[in-house]
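Understanding the architecture of this molecule
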Amino acid sequence: MSEQNAVVTDFRLVVYGKAEKRTITIKNGENAGKTKDLLQFRAFHSEPVDKESKEFTSTWYDVNCFQDNSFYLVDHICDGLVLYVTGQVKTSQYTAKDGSLRENQTINAKKIYLDLLQRGLKSITFERPTRVKE
């Protein structure tokens, strides 16, 4: 398996399915053996095949977010929602059971943005956090 890394900023994705909160066990490094929660969802990015064409090609991504304040999003990230993501993309290659070489793309998101003007958005609830006095 080989790996490549890249960085994306304000990368437009369309969510497929529902997000979920998962707990993983860290495999290496100073935190090996410890557990960590993450927000995870599947999404795709579409681009036109060429400037004149009405055909699109889509690239699929697994999106992971390890930010503790992201877990409330699990109930709000749903199928068809457009999000903008900033983070690191990890592309890894593997050999499938049929012998073909395939790629898996994962974005480790540092920021997730919502386009407030997108169609289908019905409501937003915001609660200002209380300040902690020292």
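The residue numbering used here restarts from 1 in each chain and proceeds along that chain's sequence as written. With pLDDT at 70 or above as the cut-off, local features in this predicted model cover only qualifying residues; side-chain atom pairs require 80 or more to be listed or tallied, and sums for whole chains, interfaces and linings still use all residues. To get the side-chain values, all heavy atoms of the structure are used, and hydrogens and water are removed first.

With that settled, the discussion passes to unusual backbone geometry. At Asp 10, a position not held by glycine, the phi torsion is positive, near 50 degrees. Summary of the burial criterion: residues with accessible area below 20% of their type's maximum are buried, those above 50% are exposed, and those between are partly exposed, where the area comes from a 1.4 Å probe applied to protein chains only. Taking relative accessible area as the criterion, Asp 10 reaches 46% and is therefore assigned partly exposed.

Before going further, it helps to examine the pattern of salt bridges. Between Lys or Arg on one side and Asp or Glu on the other, a salt bridge is scored when a side-chain nitrogen of the former is within 4 Å of a carboxyl oxygen of the latter. Evaluation of the coordinates by the stated rule reveals four salt bridges. Asp 37 is the salt-bridge partner of Lys 21, the closest N and O atoms lying 3.8 Å from each other. Note that Lys 21 is positioned in strand β1 (residues 3–25) and Asp 37 in strand β2 (residues 35–48), a separation of 16 residues in sequence. A relative accessible area of 45% means that Lys 21 is categorised as partly exposed. Using a relative accessible area of 28% as the deciding quantity, one classes Asp 37 as partly exposed. One salt bridge in this structure joins Lys 36 and Asp 68, with 3.6 Å as the shortest N-O distance. Highlighted residues: Lys 36 in strand β2 and Asp 68 in the loop between β3 (56–65) and β4 (82–95), separated in sequence by 32 residues. In this structure Lys 36 comes out as partly exposed when scored by relative accessible area, which is 29%. Runs of H or I in DSSP of at least four residues are treated as helices and runs of E of at least two as strands, each being numbered from the N terminus.

This next bit is on the pairing of β3. Note on pairing: DSSP must find at least two bridges between two strands before they are called paired. Relative to β3, β2 is paired through 10 bridges, and the arrangement is antiparallel. Bridge pairing links Pro 48 to Phe 56 in β3. Relative to strand β5 (residues 101–114), β3 runs parallel, the two sharing three bridges. Counted as the bridge partner of Val 63 is Ile 107 from β5.

Among the structural elements, Glu 20 can be located in strand β1. Separated by 44 residues in sequence, Glu 20 and Asn 64 place their C-alpha atoms 9.9 Å apart. Whether two residues touch is decided by their heavy atoms; if any such pair falls within 4.5 Å, the residues are in contact. With sequence-adjacent residues up to four places away left out, Glu 20 is seen in contact with Leu 38, Leu 39, Gln 40 and Val 74.

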